Amino acid sequence: MGKLQFLLRCVKDMDYAELFRTVGKVHKLTGKNSAAILTDVIQCGLKYGAGFNDYLLCEFYNLTDAQRATYITRKVNNDLVRILNDRDYYHFFDNKTEFYTTFAKYIGRQWLDFSKASKEDFKAFMETRDAVMVKPESSSGGFGVNKLFKKDFSSLDAMYDQLKAQGIGVVEDVLQQHETMNKMNPHAINTLRVVTVLNETGPHIVYAHIRIGNSDRPVDNLHSGGMFAPIDLEKGVIQYPAYDKARHTYTEHPRTHTKIQGFAIPYWEEAKAMCLEASQVVPQMRYVGWDVAITPNGPVFVEGNNLPGYDILQMPPHTPDKIGMLPRFREFVKGI
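Values in this document were obtained by computation on a predicted structure and should not be read as measured data.

### Focus on the sheet that holds strand S8 (residues 242-244)
Hydrogen bonds between backbone atoms are what pair the strands of a sheet, whose relative direction is either parallel or antiparallel. What the seven strands build is an open sheet, ordered S9-S8-S7-S6-S5-S10-S11; its pairing is antiparallel. Both outer strands of the open sheet, strand S9 (249-250) and strand S11 (298-305), are each paired with one neighbouring strand and no more. As paired strands, strand S7 (residues 227-230) and S8 are joined by two bridges and run antiparallel to one another. Its bridge partner lying in S8, phenylalanine 228 is registered against tyrosine 243. The strands touched by helix H12 (residues 268-278) within the sheet are strand S5 (192-199), strand S6 (202-212), strand S10 (287-295) and S11, with S11 carrying the most contacts at an inclination of about 40°.

Written as structure tokens, this is what we have:
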């Protein structure tokens, strides 16, 4: 049996279609031999726990083995969640109404538990509002999140019925973004992803990124065309140009032409303090990704993530030394 055939047999439940798509993309980018790429992708999965997207987006094909060993991969991230988070407490983050209730101190806006709201409750909430944000009870990546205007519906009865049919869980006030953040992109709330770890010495911020909208949708998620860049934790400024999942690098926002690197985040110290304090509210969840909006009155939570994504970490424009984030996590998490 050849080496490649042996490797393929070692990997169970592999998505072979996605594997070969990844190999094709890397071959097109690098010109390297497809069989060699295929072998390397599988070996990286076995040795470093790297998924296909890890290999492609983090450009594992340009890294040495020593450099690859410093990266947070799919397996490493799953291990962090398993070690630090108690599954019995996921519901505080998975369910939006529970999250809003548990972290009410940090929400900073009025909202309606639409899953339990009667038509009369909804009409009363909408009486003084021309527009609202609506969110499914459980969702990620910004899917199902929309800004709706009362004038676009024939009646509040019709609006209510449509939202019920869509499985909306929360109806809430439209957040007003700080004027400085509007200079980056006024069409979406450009949130900060602040990741905390709670250990025996207390809460710590491991890293923070800004996510910047780049579409007509009122969200900044990567799945909706958004871009991202790391934030200097001490200075509160964007460290590098932004990057997106289509592998584009941005020195300025293509719509507003605001320079990205060096952009200062307002209320940065307050945002850090809020995340550190909130990370102790449910201490059974010790690894959380907080999505923070900056309003004229300070930072507020958009949501919390009990399975923090790692897809914005360690991108090529943000790792000039080609060293990943695993050494940073090891400062706070033993045995990883």
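So, next bit.
### What about the pattern of salt bridges?
Evaluated as defined, the whole model comprises 22 salt bridges. A salt bridge links aspartate 65 to lysine 47; the nearest nitrogen and oxygen atoms lie 3.8 Å apart. With a gap of 18 residues between them, aspartate 65 in helix H5 (residues 65-68) and lysine 47 in helix H3 (residues 34-48) connect regions that are remote in the sequence. A relative accessible area of 43% means that aspartate 65 is categorised as partly exposed. Given a relative accessible area of 58%, lysine 47 falls into the exposed group. A single network of salt bridges, built from pairs that share partners, joins Asp40, Lys47, Asp65 and Arg68.

### Some points on the packing of helix H9 (residues 119-126) against helix H10 (residues 156-165)
Look at H9 against H10: their axes get within 10 Å of each other, and the N-to-C directions meet at 115°. As for the relative orientation of H9 and H10, their crossing is right-handed in sense. Between H9 and H10, the residues in contact are Lys119, Phe122, Lys123 and Met126 and Leu156, Asp157, Met159, Tyr160, Asp161 and Leu163, respectively. Across the contact of H9 with H10, the residue classes break down as six nonpolar, no polar and four charged.

### Points about the packing of helix H2 (residues 16-30) against H3
In contact at an axis separation of 9 Å, H2 and H3 are set at 125° when each is read in the N-to-C sense. Looking at the two axes, H2 sits oblique to H3. When you trace H2 past H3, the crossing you get is right-handed. Of the residues in H3, those in contact with Leu19, Phe20, Val23, Val26, His27 and Thr30 of H2 are Ser34, Ile37, Leu38, Val41 and Ile42. For the contact of H2 with H3, the residue count by class is eight nonpolar, three polar and no charged.

Cut-offs used in this document
- Residues numbered from 1 in each chain as written.
- Predicted model: local features only at pLDDT ≥ 70, side-chain atom pairs only at ≥ 80, totals over all residues.
- Heavy atoms only, no water.
- Pairing = 2+ DSSP bridges.
- Helix = DSSP H or I, 4+ residues; strand = E, 2+ residues; numbered from the N terminus.
- Contact = heavy atoms within 4.5 Å.
- Axes fitted to C-alpha atoms, helices over the stretch in contact; angles between N-to-C directions.
- Salt bridge = Lys/Arg side-chain N within 4 Å of Asp/Glu carboxyl O.
- Buried < 20%, exposed > 50% of the residue type's maximum accessible area, 1.4 Å probe, protein only.
- Left-handed = near helix turned anticlockwise from the far one by under 90°.
- Nonpolar A, V, L, I, M, F, W, Y, C, P; charged D, E, K, R; others polar.
- Parallel < 35°, antiparallel > 145°, perpendicular 65-115°, else oblique.

Remember that the coordinates give geometry; whether it matters functionally is a separate question.
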